[in-house]
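Given next are the chains, with one letter for each unit.
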Amino acid sequence: MEHDVIILYLIAGVSFTFALFNCILFALKHGKTMKTDGMIVSIKSTNPTNEKWRNAKLAEVSYLVNGKWIVSKNRIQVSLTSEIGTHIPIRYDRNQPDKIYSYSVKRIIIGFLIGVGSILIAAFMQIH
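Now for a look at the structure at hand. Fair warning: this is a prediction, and the values are worked out from it, not measured in the lab.

**Observations regarding the pattern of salt bridges**
Enumeration according to the criterion identifies three salt bridges in this entry. K57 is paired through a salt bridge with E83; the nearest N and O atoms lie 3.5 Å apart. Within this pair, whereas K57 is found in strand β2 (residues 57-65), its partner E83 is found in the loop between β4 (76-78) and β5 (87-93), the two being separated by 26 residues in sequence. Between K73 and D98 there is a salt bridge; the shortest N-O distance is 3.3 Å.

Here is the structure:
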C-alpha cells in the first residue's frame, strides 16, 4: 500500500506542476492573445492511427485574423475524434498571429482538481 500512496503523491506533484505551468503561461500571455474559431487543416498522430492507447493527435489550424487566413506554425493537441475540417476554439498571439497556444483555464482547474483528489485519496489510504 505504501507504493500506492507514493504514486498518488507523484501524480499530485505532476498535476500541480502542470497546472502551475499553465497558470503562469496564462498570466504572462493574458491580454496578449486573442480567441477565435479555427479549422483543422492537417493532423498528425503520435502513434499509428489504429492505436487508441497512448495516442494523441496534433493539428495544424487555419483561422481568420484581420481579414487574412493564417495557418498556424505550431500544432496543438486535439481530441482523438477530431478530423480535418473540424472547427475548434483557439488562442493566437496578437503580435505573432501564426503562433497558437493550447493553455486554458479548464486545463488549470482540471490539473488542480486531479492534484487535490490524489492527495485526498493518498491521505485516506494512510489513515486506513
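**What about the layout of surface pockets?**
Looking at the largest pocket, its volume works out to about 480 Å³. As for the largest pocket, its lining consists of 17 residues, of which P89, S102, Y103, S104 and R107 are closest to the centre. If you list the elements that add at least two residues to the lining of the largest pocket, you get β4, β5 and α2 (105-127). Looking at side-chain class alone, the lining of the largest pocket contains 10 nonpolar, three polar and four charged residues.

**A word on a nonpolar patch on the surface**
On the surface, a cluster of nonpolar side chains totalling about 530 Å² of accessible area is made up of I6, I7, L10, I11, I110 and I114. If you list the elements that add at least two residues to the nonpolar patch, you get α1 (2-29) and α2. Element by element, the count of residues in the nonpolar patch is highest for α1, at four residues. Tracing the backbone through its elements, the reader meets I11 in helix α1.

Analysis parameters
- Residues numbered from 1 in each chain as written.
- Predicted model: local features only at pLDDT ≥ 70, side-chain atom pairs only at ≥ 80, totals over all residues.
- Heavy atoms only, no water.
- Salt bridge = Lys/Arg side-chain N within 4 Å of Asp/Glu carboxyl O.
- Helix = DSSP H or I, 4+ residues; strand = E, 2+ residues; numbered from the N terminus.
- 1 Å grid on protein atoms, 1.4 Å probe; cavity = no way out; pocket = protein on both sides within 12 Å on 5 of 7 lines; lining within 4 Å.
- Points joined across faces, edges and corners; volume = space filled by probe spheres on them.
- Nonpolar A, V, L, I, M, F, W, Y, C, P; charged D, E, K, R; others polar.
- Patch = residues over 30% accessible without salt bridge, like charges linked within 9 Å, V, L, I, M, F, W, Y side chains within 5 Å.
- Areas by Shrake-Rupley, 256 points an atom, 1.4 Å probe, with all protein chains shown as cover.

That's the geometry; what it means functionally is another story.
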